[in-house]
Structure formats: structure tokens, C-alpha cells
Amino acid sequence: MDLDDFEALYTAAQTRALDSCAINDHQIPGITLMSRAAEAAFDCLIGTWAQPECVQVLCGTGNNGGDGYLVADLAHKRGIKTTVLQLGDADKIGGDALLAREQALANGVEVIPFDDAAVLPIGVVVDALLGTGLGGDVRGDYAEAIAEINAAGTPVLAVDIPSGLCADTGRVLGTAVRADLTVTFIGLKRGLFALQAPDYTGELQFAGLGVPAQVYRQVPADCFRLQLEPLLDAMPPRPATAHKGLYGTVLVIGGDYGMAGAAALAAEAALRCGAGLVRVATRPQHVAALVARTPEIMPVGVESGADLQPLLDSADTLVVGPGLGQSPWSEYLLQAALASGKPMVLDADGLNLLAAGKVQPRPRMIVTPHPGEAARLLGVSTAEVQADRFAATSALQQKLGGVVVLKGNGSLIASEKEMLLSDYGNPGMASGGMGDVLSGVIGALLAQGQEPLAAAALGVCLHGAAADIAAEEGMRGLVATDLMPWLRELLG
Ligand SMILES: NC(=O)C1=CN([C@@H]2O[C@H](COP(=O)(O)OP(=O)(O)OC[C@H]3O[C@@H](n4cnc5c(N)ncnc54)[C@H](O)[C@@H]3O)[C@@H](O)[C@H]2O)[C@H](O)CC1
Ligand SMILES: [K+]
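What you are looking at is a predicted structure, and each value in this text was computed from that prediction instead of being measured. (Residues numbered from 1 in each chain as written. Chains lettered and ligands numbered in written order. Predicted model: local features only at pLDDT ≥ 70, side-chain atom pairs only at ≥ 80, totals over all residues. Heavy atoms only, no water.)

## A word on the packing of helix H2 (residues 30-49) against helix H4 (residues 95-106)
Stage number 1. Following both chains from N to C, one finds H2 and H4 inclined at 55°, their axes separated by 9 Å at the closest point. Our classification of the angle between H2 and H4 gives oblique. Judged by the sense of rotation from one axis to the other, the crossing of H2 with H4 is right-handed. Counting all contacts with H2, which are made through Gly 30, Ile 31 and Met 34, the residues of H4 involved are Asp 96, Ala 97, Leu 99 and Ala 100. (Axes fitted to C-alpha atoms, helices over the stretch in contact; angles between N-to-C directions. Helix = DSSP H or I, 4+ residues; strand = E, 2+ residues; numbered from the N terminus. Parallel < 35°, antiparallel > 145°, perpendicular 65-115°, else oblique. Left-handed = near helix turned anticlockwise from the far one by under 90°. Contact = heavy atoms within 4.5 Å.)

Now the structure itself:
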């Protein structure tokens, strides 16, 4: 996998390092960067809303506010009625932000203390309150200003990041601006793609501000935003001499009483993603139903060790967990699967048995927890996992080894060295069975020779992209089976 194919994502600290590298090592003055940021934001504003009747710019006392003053200056010069509502104590403004404020004032821009004004429900509002300098939950007037922006009912452009959104995690820190458009500078912040961020950023535009490429080599990123196309290119074309033996045998292990459907979904997804053969080790009572649903899969009823071993021997890849349950039967099957040493995707109840200490992890697994399963595996609350998904995913990877997929908005895929983010997918995926399909997708890609990280990355993006197409007919009522035709179409 070539990470150069993907956009780098940065933390707030890394973005500040990019800024200072551009300023100190490449002699681009901070005020020049700020002017370029303002020009980029203003161009997006005009490009989106043409000539608004007025522009209200809410400015904080830091450099995000500095950007805002220069946006106001540009709007004023364009003949647009412009007002700056200024938060905080003007005496606190320094550095480049002070230069920007002085420039706007000198050019006749109206600047009013926020305390003496209100956000009016007219024109376009520009949010230049808080950027990457946000520290902790939004305090005092800033919270009030955000509430007024969100209540004004006008189009909102957020400068760099919607104020109140954490650039590192995507969390809303108390409150945040709901923007229609966010123009972010120099580096894509990873928080713009995680958790609730899409509900707050609106359309996202990036402006590099003419920072030399060398700066990005001097400040390396440790997280990358996946794109489906380059990952698909890694799947080799099928030769004329293709036969099913070339594309691996996937063994799905699961489907305890009442949960045969989970195993069926994983098995069908594996077939739809190109596995050569798919077998299912499940309760004997489920065999007929599974065959009836998908005649191409080969379910085998297992109750004892003797039954399972031949299936493990003939499999290239295991998908353990869909509908596995947590009974003694479940535990036995998982123990045997782990002992086989075969490449494995471990999901659902397989993860819960692992978290309960019923089995020990082994290297080279791909685990695919949702936040609750990750929380159990880490011994923390789900809220703690969601509070910093990046940290939780790294911690779980360090604990288990192998590859960890933390599902949810902005799914994360981590190996020992890499952290990858997929922002494919949509809220319609919040329905039972989606995780079972994902585990089958990844199992099929592993069986076809993809390395674990590549199989997980492609599988997550494929799964989310298929759901995005299926959701075009409506998010509510989107079910896991709806993904099947699109998995096949996207893989080609
Ligand atoms: N560095 C550059 O050359 C460029 C920076 N850009 C813009 O600058 C901001 C980052 O600016 P910074 O001064 O570091 O911080 P902020 O303006 O984001 O905020 C600091 C400001 O806010 C107050 N504050 C912090 N936390 C809170 C809180 N929880 N509640 C209330 N108030 C808070 C703090 O007191 C400061 O006054 C970056 O995002 C870009 O927009 C240029 O774009 C590029 C050049
Ligand atoms: K902002």
C-alpha cells in the first residue's frame, strides 16, 4: 500500500508545526499565510453565495480571528456591507491577528464588540472565532456567539474548522458552529472526518496557501484519508485461466441458534467480493436454511472437534464471530480457530469472548470492533473510546497486535505503524448485519492474497462506498443485503 496515494491528516499540533515550518524555515511571513487564508476563504464565500447582501464576521482573539479580519477587509473592499463582531478583549489580540485587525480598521471595516451587537438573520456569517487553538470546552461569550450563529438561520462559512469542533478528535467541545461550508488551511485536520464532524463542517474545501512541498516532508503525518480507487488498483485482474482455487477458501464460523443470518450475510459478502469457495461452520440445524438462501455457499453442521478440524485445514482464511454467540459451543469453535494459526478476521461475539478472557489473542488477526466491543476489549467505557477514537484504536492495536478496525463514522484502520481513516459510509448503516457483511468482505480480500492492512483498508472503503450507493434510494430501511450488488460492481 502506497500512502502517497492518500491525503495526509494532521492534529492541531502538527498543523501548528506546518505553520511554523513555513514561517521559520521557508520565510513565509505569518501575515502572508493569513492573507492567503483569507483570500481562499473569501473566494469560497463568493464562489458559493455570489454577492451576499452583507457579511457578518465573528472574530476571536487568536489567529483564527486574524483570518476573519482579513476576510472582512476583502468583503468590504468588494463593496459588501461588512461587520466584524469581535469576541474577547481587544487588548489580548497580538501578533499577526493584531496586524490583520489594524488593516481592517484602517480600511474602514466596521468592528463592534460582540457584547454590543447580535448576529442578524441576514447575509452570510463567517465563523472566525476558534480554530486549532481551541483548548477545552468552549467558554463564555464564545459559547453564546456560537449559539447565535446557529440560531441565525443564515448560511455559515467556518474558517479553518467549525468553532467548537476538536481538530484532533472530531468531538464537539461543549458546542460548535454548524457550518454550510468549511475552508481549512495548510493541512487537513483529522478531526474534520471523525465522529460528529460531518454534521458541523458542511462542504469541506482545502487551501494549501502555497506552502512548499518540502514543509510536508519536514512535518510527516501519521494518519491518512483513504480513497477507494488506489486500493482497488491493488486487486490483480483475473487471467483467462482463472479457477476458483486461485481465489481462496473462506471459512465463516458462527451462526449459533437464532443467529444463522449473521453467518449467511458474512458468507454471501465473501462470495460477492470474489472468494473462490466459501464454507460455513455452524449449527447442524442451520445448514438447510443457509443453502436455501445462498446455494453457492457450503455450510457444514459442527458440534464437535472432529467436525471442525477438516474445515479449518482446508480453509485459507477464517471469518470468526458473525452470530457466533457466547455459549460453550461458541467458545470451542473460537479456540479451535485460534489454534489453527490461519489468517483470521475476528468480529462480534468472537471479540466479546476475547474481551471476557475466554480465549487469548494471537498475532496476525484483523479485529473489527464497533465502539462498544472496543470498549470491552480495552476495559473502558464506550464514551471514552468515542472521546478519542484515534487513541483508542492505537491502544487496541498495541494490545492485540495485528490490524484493528474501529467501526463508526470515520472508521479507523490501524496496524503497528499506520493509522488510516475511511470516511465512506452513512448513517443508514446503523442496522443489524452491516458488521457481518464487513467481516465477510475483509475475509474474501485476505483469501485473495491481500495483506491484512490492505485487506482491511479496501474492505472498509468498499463496504462504506457500497452503502453510499445503496443509500441513494434512502438511508432509512437500508439493510445489509442491499450492499451485495454494489460490492460486486465496485470491485469489478
Ligand atoms: N499560524 C499561522 O501563521 C496561521 C494560522 N492560521 C489560523 O490560525 C488559527 C490558529 O490560531 P491560534 O491563535 O493558535 O488559536 P485560535 O485562534 O484558534 O484560538 C485561540 C484563541 O481562542 C481562545 N480560546 C481557546 N480555547 C477556548 C475555549 N475553550 N473557549 C473560549 N475561548 C478559547 C484563546 O484564548 C485564544 O484567544 C488556525 O485555526 C487558522 O485559522 C491561518 O489560517 C494560517 C496561518
Ligand atoms: K472557526
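On we go.
## Structural notes on the site of ligand 1
Stage number 1. In the vicinity of ligand 1 there are 23 residues, among which Thr 61, Asn 64, Asp 67, Gly 131 and Asp 160 approach most closely.
Stage number 2. The contact in question runs from an oxygen atom of ligand 1 to an N or O atom on the side chain of Asn 64, over 2.8 Å.
Stage number 3. Asp 137 is positioned with one of its backbone polar atoms (N or O) 3.0 Å from a nitrogen atom of ligand 1.
Stage number 4. In the complex, 85% of the free accessible area of ligand 1, which totals 870 Å², lies under the protein chains.
Stage number 5. Counting only elements with at least two residues in the shell around ligand 1, the list comes to helix H1 (12-25), H2 and helix H3 (63-77).
Stage number 6. Here the residues of the shell around ligand 1 sort into eight nonpolar, nine polar and six charged. (Near = heavy atom within 4 Å. Polar contact = N/O pair within 3.5 Å; in protein donor to acceptor, adjacent residues only side chain to side chain. Areas by Shrake-Rupley, 256 points an atom, 1.4 Å probe, with all protein chains shown as cover. Nonpolar A, V, L, I, M, F, W, Y, C, P; charged D, E, K, R; others polar.)

## Regarding the coordination of the potassium ion (ligand 2)
Stage number 1. For the potassium ion (ligand 2), every protein donor is listed as Asn 64 (OD1), Asp 127 (O), Leu 130 (O), Val 159 (O), Ile 161 (O) and Ser 163 (OG), and the spread of their distances is 2.7 to 3.1 Å.
Stage number 2. Counting the intervening residues between successive donors of the potassium ion (ligand 2) yields the motif N-x62-D-x2-L-x28-V-x1-I-x1-S. Residue Asn 64 is located in helix H3, and its partner Asp 127 is located in strand E5 (residues 124-128); the two are separated by 63 residues in the primary sequence. Note on accessibility: Asn 64 and Asp 127 belong to one class, buried. (Donors = N, O, S within 2.8 Å, 3.2 Å for Na, K, Ca; no water. Buried < 20%, exposed > 50% of the residue type's maximum accessible area, 1.4 Å probe, protein only.)

## Here we look at helix H19 (residues 484-491)
Stage number 1. Burial in H19 covers these residues: Met 484, Leu 487 and Leu 491. Buried residues along H19 cover an arc of 60° about the axis, so they all sit on one side.
Stage number 2. Its buried side turned inward, H19 meets helix H8 (228-232), helix H9 (260-272), helix H17 (434-447) and helix H18 (452-470).
Stage number 3. Gly 492 occupies a position one or two residues after H19 and carries a positive phi of about 75°. (Arc of directions from axis to C-beta.)

## A few points about the pairing of E5
Stage number 1. Within E5, five of the five residues are buried, leaving the element largely enclosed by the surrounding structure.
Stage number 2. The side-chain alternation of E5 yields two buried faces, one formed by Val 124, Val 126 and Ala 128 and the other by Val 125 and Asp 127.
Stage number 3. Across five bridges, the pairing between strand E2 (residues 54-59) and E5 is parallel. Its bridge partner lying in E5, Leu 58 is registered against Asp 127.
Stage number 4. When E5 meets strand E6 (residues 156-159), the two strands line up parallel, connected through three bridges. Paired with Asp 127 across the strands is Ala 158, a residue of E6. (Pairing = 2+ DSSP bridges.)

## What to know about the packing of H9 against H19
Any two packed helices are characterised by the angle at which their axes cross and by the distance between the axes.
Stage number 1. The geometry of H9 relative to H19 is characterised by a closest axis approach of 9 Å and an angle of 25° between their N-to-C directions. By the angle class used here, H9 and H19 are roughly parallel. The way H9 lies across H19 gives a crossing that is right-handed. Seen from H9, the contacting residues are Leu 265, Glu 268, Ala 269 and Arg 272; seen from H19, they are Met 484, Leu 487, Arg 488 and Leu 491.
Stage number 2. Here the residues of the contact of H9 with H19 sort into five nonpolar, no polar and three charged.

## A look at the sheet that holds strand E4 (residues 110-113)
Stage number 1. Here we have seven strands laid out as an open sheet, ordered E4-E3-E2-E5-E6-E7-E9, and parallel in their pairing. In the strand order of this sheet, the two ends are held by E4 and strand E9 (203-207), each with one partner. Direction aside, the axes of adjacent strands within the sheet are offset by 20° on average.

## Topic: the nonpolar core
Stage number 1. Judged by nonpolar contacts, the single largest core of 105 residues is most densely connected at Leu 157, Phe 185, Val 252, Ile 413, Val 437 and Leu 487.
Stage number 2. When residues of this core are assigned to their parent elements, the largest contribution, twelve residues, is made by H18.
Stage number 3. Among the domains, domain 1 (3-221) and domain 2 (228-491) are the pair contributing at least three residues each to this core.
Stage number 4. Those residues in contact with Leu 157 that sit more than four places away from it in its chain are Ala 41, Cys 44, Leu 45, Trp 49, Val 125, Val 126, Asp 127, Leu 181 and Val 183. (Core = buried A, V, L, I, M, F, W, Y, C linked by side-chain atoms within 4.5 Å. Domains from an automatic or database assignment.)

## Quick look at a negative patch on the surface
Stage number 1. On the surface, a cluster of negative charge is made up of Asp 2, Asp 4, Asp 5, Glu 229 and Asp 233.
Stage number 2. Considering the arrangement of structural elements, one finds Asp 5 in the segment before strand E1 (7-10).
Stage number 3. Its relative accessible area of 40% is what places Asp 5 among the partly exposed residues. (Patch = residues over 30% accessible without salt bridge, like charges linked within 9 Å, V, L, I, M, F, W, Y side chains within 5 Å. Salt bridge = Lys/Arg side-chain N within 4 Å of Asp/Glu carboxyl O. Lys, Arg positive; Asp, Glu negative; His and termini not counted. Charge placed at Lys NZ, Arg CZ, Asp CG, Glu CD.)

## Description of the environment of Lys 407
Stage number 1. Its location among the elements puts Lys 407 in the loop between strand E17 (403-406) and strand E18 (411-414).
Stage number 2. Setting aside chain neighbours within four positions, we find Lys 407 in contact with Asp 347, Thr 368, Pro 369, His 370, Pro 371, Arg 389, Gly 435 and Leu 438.

## Quick notes on the packing of aromatic side chains
Stage number 1. If you walk through the whole model with that rule in mind, you get one aromatic pair.
Stage number 2. Aromatic side chains Tyr 10 and Tyr 216 sit 6.4 Å apart centroid to centroid with 45° between the ring planes, which places their arrangement in the tilted category. Note that Tyr 10 is positioned in strand E1 and Tyr 216 in helix H7 (residues 213-218), a separation of 206 residues in sequence.
Stage number 3. Judged by relative accessible area, Tyr 10 falls into the buried class, the value being 4%.
Stage number 4. Residue Tyr 216 is classed as partly exposed on the basis of its relative accessible area of 25%.
Stage number 5. We note Arg 178 situated over the ring of Tyr 200; from NZ or CZ to the ring centre the distance is 4.4 Å.
Stage number 6. Here the guanidinium or amino end of Arg 238 rests over the ring plane of Tyr 247, the centre of that ring lying 3.6 Å away. (Phe/Tyr/Trp six-rings, centres within 6.5 Å; stacked < 30°, edge-to-face > 60°. Lys NZ or Arg CZ within 6 Å of the ring centre and 35° of its normal.)

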